[in-house]
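# Commentary on secondary and tertiary structure
The lines below spell out each chain.
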Amino acid sequence: MEEKRRCFSLSRNKFLQHWCVILFISSLAILPLTQSFNYGKALSKSLLYFESQRSGRLPYNQRVTWRHHSGLTDGLEQGVDLVGGYYDAGDNVKFGLPMAFTITMLSWGVIEYGDEISSAGQYTHALEAIKWGTDYFIKAHTHPNVLWVEVGDGDTDHYCWQRPEDMTTSRQAYKVDEKNPGSDVAGETAAAMAAASIVFRKTNPHYSHLLLQHAEQLFEFGDKFRGKYDESVRVVKGYYPSVSGFKDELLWAALWLYKATDKEDYLSYALEKANEFGGITWAITEFSWDVKFPALQIIASMLLTEENQREMGFKLVFEQYRSKAEYYLCACLNKNNGSNVNRTPAGLLYIRQWNNMQYVSNAAFLLTVYSDYLRASNQRLRCDRGKVGPEEVFLFARSQADYILGANPMGMSYLVGYGSRYPQRMHHRGASIESYRENKGFIGCTQGYDYWYPRNDPNPNVVVGALVGGPDHMDRFSDDRKNFMQTEACTYNTASLVGVLAKLHGVEEEDGYLNTPLLASS
């Protein structure tokens, strides 16, 4: 630590300061920094992943050709068109809460790094990935106070091992409404549609306006009829329960609506409800499809300038939002005196054994966005163990992305299809069974479990761009289809990674910022 301080005190030149950061990170032996990666290629693969997860009638320009139409009668029994949307992971259920979070994070990535995504030639694909989700949400929001939030049943689905093209399991659809509220899922869907409305504002203004109308209605519905969606739709409890409650989603939605509309009513809501709803009281060390507090605290910190603090008289609330945002960021950087996020021996952030990579990609995204904010506002992150500059924040985010892409003790890329070594036996029904294009014969429920599931052979289809659950707390990974805690991937794992890879691709193309020989990409 002393060497780092001395290096910075002696180095007034920004280029030399960058080297100080690099030497400091290297001295901690967090991750090998000599490995280089093609972030543009990783970005393109990450966006391709969402085509593998599509439900419904696939479009003419579908690039993942081992997939075919599926779920074409979704909602029919309930008299509503629920065809489309995304399967969340390796199963065939459409869960509304994680799907909405996926779209929010994809949209946020495009809002922050649209130019970088465009320079990689991936902008159209990014918008298509978002629109596949928002088109479905428009269908699912059949009335201002009605939102369909699940299609399929996790219990019956998990008894079957079938391609989505062959599904024989229940396609029961479930909704929230005035009598059966779901403020969390309504709030997250409102956030997704508000964020997406920003994305489409220039390229498709009519669609953007439509999304905003739905977002405002959903927020009003969620706020007026308050309750947890897993109390109304009990079948979701074993899969995506709302452990954090709905208050974080309502604050999250209000902030996204403010970003989309500039209406001060939404900002006032997030400020006035900040204490009651936990926005300025919860200090959290994880950000996920369920727990939104760190991200909404970071957005509030970045939204509230000194000018509107004075205008609105909420300076103290702003400072409390910022304090909680800094707590999360400093915990990721191991800079708190109290609680910090655990790490594996090789430096990967480690929250829990089940699908840990979701927390890693989410953290990397928030760190990346905040490092940009710090740099643009000429600030430093305030941690218990000292102030941290934007370069060091970004370098740590980069270390997490590099671990994902292969800079780890296993030499394994956890982004499927990227690099020379990646998981071959992903826990994924469609990938593990011969594709519909190759074999149009019906494959039954037990046939899938008896023959395809236990095979030791690699999956016949590669789910390119899927970010699997990842290694355990000691950096160990077992590439086994039955090892679903490590080998299953989810849409929301990759969604946050898209923005990080876009930023890294942009840095890769620059001649200036952090483009040193040590960090240069091949």
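Residues numbered from 1 in each chain as written. Predicted model: local features only at pLDDT ≥ 70, side-chain atom pairs only at ≥ 80, totals over all residues. Heavy atoms only, no water.

### What to know about the environment of V317
Mapped onto the fold, V317 is located in helix α14 (residues 315–332). The buried category is assigned to V317, whose relative accessible area is 13%. Residues V317 and N275, 42 residues apart in the sequence, show an inter-C-alpha distance of 8.4 Å. V317 has contacts with L271, A274 and I280, leaving out every residue within four places of it along the chain. (Helix = DSSP H or I, 4+ residues; strand = E, 2+ residues; numbered from the N terminus. Buried < 20%, exposed > 50% of the residue type's maximum accessible area, 1.4 Å probe, protein only. Contact = heavy atoms within 4.5 Å.)

### As for the state of the cysteines
In a disulfide, the sulfur atoms of two cysteines are covalently bonded to one another. In the structure shown here, the tally under the stated rule is two disulfides. Paired through a disulfide, C160 and C445 show a sulfur-sulfur distance of 1.7 Å. Where C160 bonds to C445 through sulfur, the torsion about that S-S bond is close to -120°, and the disulfide is left-handed. Taken together, the residues C160 in the loop between α6 (154–157) and β3 (173–176) and C445 in helix α18 (residues 445–452) connect sequence positions 285 residues apart. Accessibility expressed as a relative area gives 6% for C160, which makes it buried. Two residues share a disulfide in this structure: C330 and C383, whose sulfurs sit 2.0 Å from each other. Between C330 and C383 the sulfur-sulfur dihedral comes to about -85°; the bridge is accordingly left-handed. Of this pair, C330 sits in helix α14 while C383 sits in strand β6 (residues 381–383), placing them 53 residues apart in sequence. Here C330 matches C383 in class, with each residue buried. Cysteine C332 shares no disulfide, and the gap to the nearest cysteine sulfur, in C330, comes to 9.2 Å. (Disulfide = S-S within 2.5 Å.)

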